[in-house]
Amino acid sequence: EGVQGLELSLDPDPCLPKPIPGFMKGDKIEEQDPDPSQPTQGRMKGDKLEEQGPGPEPAAPQQPTEEEEALIEFHRSYRELFQFFCNNTTIHGAIRLVCSQHNRMKTAFWAVLWLCTFGMMYWQFALLFGEYFSYPVSLNINLNSDKLVFPAVTVCTLNPYRYTEIKGELEELDRITEQTLFDLYKYNASNTITHARSRRDLRETLPHPLQRLQAPPPPQGARRARRAASSVQDNNPQVDWKDWKIGFQLCNQNKSDCFYQTYSSGVDAVREWYRFHYINILSRLPDTLPSLEEDLLGNFIFSCRFNQVSCNQANYSHFHHPVYGNCYTFNDKNNSNLWMSSMPGINNGLSLMLRTEQNDFIPLLSTVTGARVMVHGQDEPAFMDDGGFNLRPGVETSISMTKEALDRLGGNYGDCTKNGSDVPVKNLYSPSKYTQQVCIHSCFQESMIRQCGCAYIFYPRPQDVEYCDYRKHNSWGYCYYKLQVDFSSDRLGCFTKCRKPCSVTSYQLSAGYSRWPSVTSQEWVFQMLSRQNNYTINNKRDGVAKLNIFFKELNYKTNSESPSVTMVTLLSNLGSQWSLWFGSSVLSVVEMAELIFDLLGITCLMLLRRFRSRYWSPGRGGRGAREVASTPPSNLPSRFCPHPTSPPLSQPGPVPLLALAAPPPAYATLGPCISPAGSSACPLGEP
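Residues numbered from 1 in each chain as written. Predicted model: local features only at pLDDT ≥ 70, side-chain atom pairs only at ≥ 80, totals over all residues. Heavy atoms only, no water.

- Taking an unreviewed UniProt entry as the reference, the protein is identified by name as Epithelial sodium channel subunit alpha belonging to Otolemur garnettii.
- Listed under Catalytic activity (unreviewed entry) in UniProt, the entry text for the protein is "Na(+)(in) = Na(+)(out)".
- Its UniProt record gives the protein the following Sequence similarities (unreviewed entry) comment, quoted word for word: "Belongs to the amiloride-sensitive sodium channel (TC 1.A.6) family. SCNN1A subfamily." (UniProt positions renumbered as here; feature names shortened; annotations may be inferred.)

And the structure:
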């Protein structure tokens, strides 16, 4: 008898409908007869279900009957995305990547060409952005012509004044200085020189005496090399005076550190030493001094005219400088009616006749004869040391001016300040306008107060701060000269802190000189001055000087900075480069942005799908096979059992082997099934 064998097939169970592979955009679902012999094929989105015959309808979920679109949809692969982009973009050359896809050589050629062009364009973009963010400026020069406001003019006598309150101390300083000159150089300045012991006692009344110091001799090799390099025989007598240095000693508070402030010139040493002691004496003047004993204007200025009109007292203001003496500023900001120049030339400016003789002032402090003059703006202080010039007696000096304005760009385009409010230095010259010199002097004074404990008398001081005096601050000289070294090397940071102002008005000066008065006219000129101004002097020509200041022309130059590359220029250059390399527009840039966005979206979705398949999905592969292998046969689904619809056939011959294969994973639920008994599902666990 033949043994009836059962053959198990791995084909899908006809009891179950085949799973739907997936819905694609544009597919429709067609209804079919759920016949087990004809399993349901993949139904796409948009397919309609058509009834093919009577029969019981399975209880299936309702499927969409019309095409639906999501809010955001992405392409299924990079290839599909790039094909869509190359077929629809407005960028030139991209479509060649698709049209020549059947020719790999052309595709590679156009791909390399497209990428090289893309790289060249963005290299140009990098250069354009680098130029823009370097913030270059262009200098615009404009020539204007209009009536000009005449600048302020400050004139000083070059004679430091002897105040009554400190006159005795200054006379004592003069006697000590004369005695010092005799001890060092055997120069008898007067007939009041006393014997040696009294001279020593006199010099010991002042601290920091002036001394003669022996300079260290140069090395023997350097001396021999210097003689060998000299081709001319030195016939001058060899004396040891040239090896001397003159100076005075300065020490700190506890005398632990001292140094000599030395000078190679005796004249410079005496002047600086006298100036140092004069500052200490001058700082003892009371703050409530009712008057600085201002000289009458007529004693210094014989005549003053502007635009052929005589000046009056309302046209000038007075202040005293510790070194330059009485100073007068014409046409400053206190003048109610500023002078205006409507015509150029010497007759339409300021004309001054000055008295330059030396009275009983301080000859050891001021060694120059004449007057000090400075031209500056109305709202700027007069820094006579920095920007002034001297007038020569017996000479008519004519100063012609040209105005020049400079407007700098601040912010990213330049390191300048508009009004100094953003500079970390307090303006001690307030309410004067901010200038770089104002800031630098204020910075030095702040450092002087912070490190030395007192204020330098040449600069304004804050309230409740005393001027330096070695009677109260015995080591301020040591601190001051050390601070000067740090200031010159910018270790104080004043030149870094004090930025340049964004708006600057300057006056370019050119001078001309002539002898005044002439030989033929000097007699009657001096006669008129002596009768009207009580001018009496032995050497008449050394006591007067004339000054003319005027505009050379009313044309003035304005230098203004403007950005070389603006945002409009940058966009124009970027568009030119884009059109040059790709021949496209701004919308093409949007297309590129959309491509990048789609690339990022697809990449994120693919990574998310891979992550879910690895960590969130149930086990597959070997894990599922092991689960099925461990399941008892009685618990296998009915699809693995033979259906009794066809009786078993007996065939002679050997018993065929069972064609067993690994069954699919045992899912918890299965689809509908048609059983012989007519039930809608195959019961689990039944053979």
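**Thoughts on helix 10 (residues 436-452)**
Argument step 1. An ideal rise of 1.5 Å per residue puts 24 Å on 17 residues; helix 10 measures up with 24 Å between its terminal C-alpha atoms.
Argument step 2. For helix 10, every residue scored as buried is listed here: V438, C439, I440, H441, S442, C443, F444, Q445, S447, M448 and C452.
Argument step 3. On its buried side, helix 10 packs onto helix 9 (384-387), helix 11 (476-488) and helix 12 (494-497).
Argument step 4. Of the residues flanking the end of helix 10, it is G453, one or two places downstream, whose phi is positive at about 85°. (Helix = DSSP H or I, 4+ residues; strand = E, 2+ residues; numbered from the N terminus. Expected span 1.5 Å × (residues − 1). Buried < 20%, exposed > 50% of the residue type's maximum accessible area, 1.4 Å probe, protein only. Contact = heavy atoms within 4.5 Å.)

**Focus on the nonpolar core**
Argument step 1. Core analysis: the largest hydrophobic core is formed by 61 residues, its most contacted members being F248, F444, M448, Y456, W476 and Y481.
Argument step 2. Mapped onto this core, the elements with two or more residues apiece are helix 4 (167-185), strand 5 (244-251), strand 6 (258-263), helix 7 (266-282), helix 10 and helix 11.
Argument step 3. Here the element with the most residues in this core is helix 7; it accounts for nine residues.
Argument step 4. Setting aside residues up to four positions removed in sequence, F248 forms contacts with H208, P209, L210, F259, Y260, Q261, Y263, W273, F276 and Y481.
Argument step 5. Core analysis: the next-biggest nonpolar cluster, separate from the first, contains 27 residues, L350, M401, I549 and F551 among them. (Core = buried A, V, L, I, M, F, W, Y, C linked by side-chain atoms within 4.5 Å.)

**Structural notes on the pairing of strand 15 (residues 395-407)**
Argument step 1. Here strand 15 pairs with strand 18 (residues 503-515) via 13 bridges, running antiparallel. Looking across to strand 18, one finds that K403 is bridged to Y507.
Argument step 2. As defined by bridge partners, strand 15 adjoins strand 19 (residues 544-551) across six bridges and the pair is classed as parallel. Across the sheet, S400 pairs through a bridge with F550, a residue of strand 19. (Pairing = 2+ DSSP bridges.)

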